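# Structure assessment
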Amino acid sequence: MYTHSISALLQQAKGLIFYDTKVMVMSRVLNATVQRTADHAAPEISLDPLEIVGGEIRTSENAYFCQAARQLACVPSSQLCVKLASGGDPTYAFNIRFTGEEVHGTSGSFRHFLWQVCKELQSSSLSLLLLCPSSAVNKNKGKFLLTPSPITYAEEQLLHFFGQLLGIAIRADVPLPLDLLPCFWKMLVGEPLDPEEDLYEADILTHNYIKKFEN
């Protein structure tokens, strides 16, 4: 935010800093911002696999993403800030219990939850992400971007939870299988968008129309 701050100078020089150094600094910051201590029990959510029959979601309210968002809505974000995963069985932001199953809170359950959530986000069952318009002409096929339209209060809450999940995945060291356009990550880290390149990548047809008007 401040032109002459250390963070602004680091951002300008990011191309000169080794990747390992960036990761080391980020890891230190994340571990220094741990809010939940060992004395506090992890929040637990209960998911009903029967709401998703044969991999198909009946309604958006039944999606794992929405089930988790409802149950964690009253949990402060600080309680989801745990230490970075480092060997052994890592500490996750919350435990997961599947209805009808005895085992809960395991690494497998947590990873399966994140995988299913990413699958839901990139489907028609949820409206937070939009299939890249350029995919209509076989460019960036299968990639997504944030839906560029007014959102309801409920969708705003889901978007907030989506942001929390990104942070949770970083702390858990679990890569999210999200195929998002570079413009999404640029906006997330405060990089300026390129009106030529980013629009071309996202919506080539609109880009071509604008070029015709300019000419």
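Residues numbered from 1 in each chain as written. Predicted model: local features only at pLDDT ≥ 70, side-chain atom pairs only at ≥ 80, totals over all residues. Heavy atoms only, no water.

## A few points about the pairing of strand β4 (residues 95-98)
Burial of β4 is one-sided: the residues I96 and F98 facing one way are buried, the residues N95 and R97 facing the other way are not. Pairing of strand β1 (residues 44-47) with β4 involves 4 bridges; the strand directions are parallel. Among the inter-strand pairings, I45 is bridged to a residue of β4, identified as I96. (Buried < 20%, exposed > 50% of the residue type's maximum accessible area, 1.4 Å probe, protein only. Helix = DSSP H or I, 4+ residues; strand = E, 2+ residues; numbered from the N terminus. Pairing = 2+ DSSP bridges.)

## Some remarks on the packing of helix α3 (residues 64-72) against helix α5 (residues 153-172)
The contact between α3 and α5 brings their axes to 10 Å, and the two run at 95 degrees. One way to sum up the angle between α3 and α5 is to call them roughly perpendicular. Seen from α3, the contacting residues are F65, C66, A68, A69 and L72; seen from α5, they are L158, F161, F162 and L165. For the contact of α3 with α5, a count of residues per class yields 9 nonpolar, no polar and no charged. (Axes fitted to C-alpha atoms, helices over the stretch in contact; angles between N-to-C directions. Parallel < 35°, antiparallel > 145°, perpendicular 65-115°, else oblique. Contact = heavy atoms within 4.5 Å. Nonpolar A, V, L, I, M, F, W, Y, C, P; charged D, E, K, R; others polar.)

## Section: the environment of D48
In this fold, D48 is placed in the loop between β1 and β2 (52-53). The exposure class assigned to D48 is partly exposed, which follows from its relative accessible area of 22%. In sequence terms D48 and R97 are 49 residues apart; their C-alpha atoms lie 8.7 Å from each other. Discounting residues that sit within four places of it in the chain, D48 has contacts with Y64, Q67 and T99.

## Topic: the packing of aromatic side chains
A full pass over the atoms with the stated rule returns 7 aromatic pairs. Centroid distance F94 to F110: 5.5 Å. Interplanar angle 55 degrees. Geometry classified as tilted. With a gap of 16 residues between them, F94 in the loop between α3 and β4 and F110 in helix α4 (residues 107-121) connect regions that are remote in the sequence. On the basis of relative accessibility, which here comes to 2%, the residue F110 falls in the buried class. Aromatic pair F162 and F184: ring centres 6.1 Å apart, planes at 45 degrees, arrangement tilted. Of the two residues, F162 is situated in helix α5 and F184 in helix α6 (residues 182-188); the sequence distance between them amounts to 22 residues. When sorted by exposure, F162 lands in the same class as F184, which is buried. Counting every residue linked through ring pairs, the aromatic cluster contains Y92, F94, F110 and F113. (Phe/Tyr/Trp six-rings, centres within 6.5 Å; stacked < 30°, edge-to-face > 60°.)

## Re the environment of L180
Relative to the helices and strands, L180 resides in the loop between α5 and α6. Of the residues examined, L180 reaches a relative accessible area of 6% and is grouped as buried. Separated by 50 residues in sequence, L180 and L130 have C-alpha atoms that sit 9.7 Å apart. Ignoring anything within four residues of it in the chain, the contact list for L180 reads L129, F144 and W185.

## A closer look at the nonpolar core
Ranked by size, the top nonpolar core spans 36 residues in total, and within it F65, F94, F113 and L121 carry the most contacts. For this core, the secondary structure elements donating two or more residues are β1, α3, β4, α4 and α5. No other element matches α5, which puts 7 residues into this core. Residues contacting F94, with those up to four places away along its chain left out, are A42, P43, I45, L72, L80, F110, F113 and I168. Ranked by size, the runner-up nonpolar core spans 5 residues in total, among them C132, L145, L181 and C183. (Core = buried A, V, L, I, M, F, W, Y, C linked by side-chain atoms within 4.5 Å.)

## Considerations on the confidence of the model for the protein
In the predicted model, the protein carries a mean pLDDT of 87, and the fraction of residues at 70 or more is 93%. Predicted confidence in the protein is weakest over strand β3 (residues 56-57), with a mean pLDDT of 58, and strongest over strand β5 (residues 129-131), with 94. (pLDDT = per-residue confidence, 0-100.)

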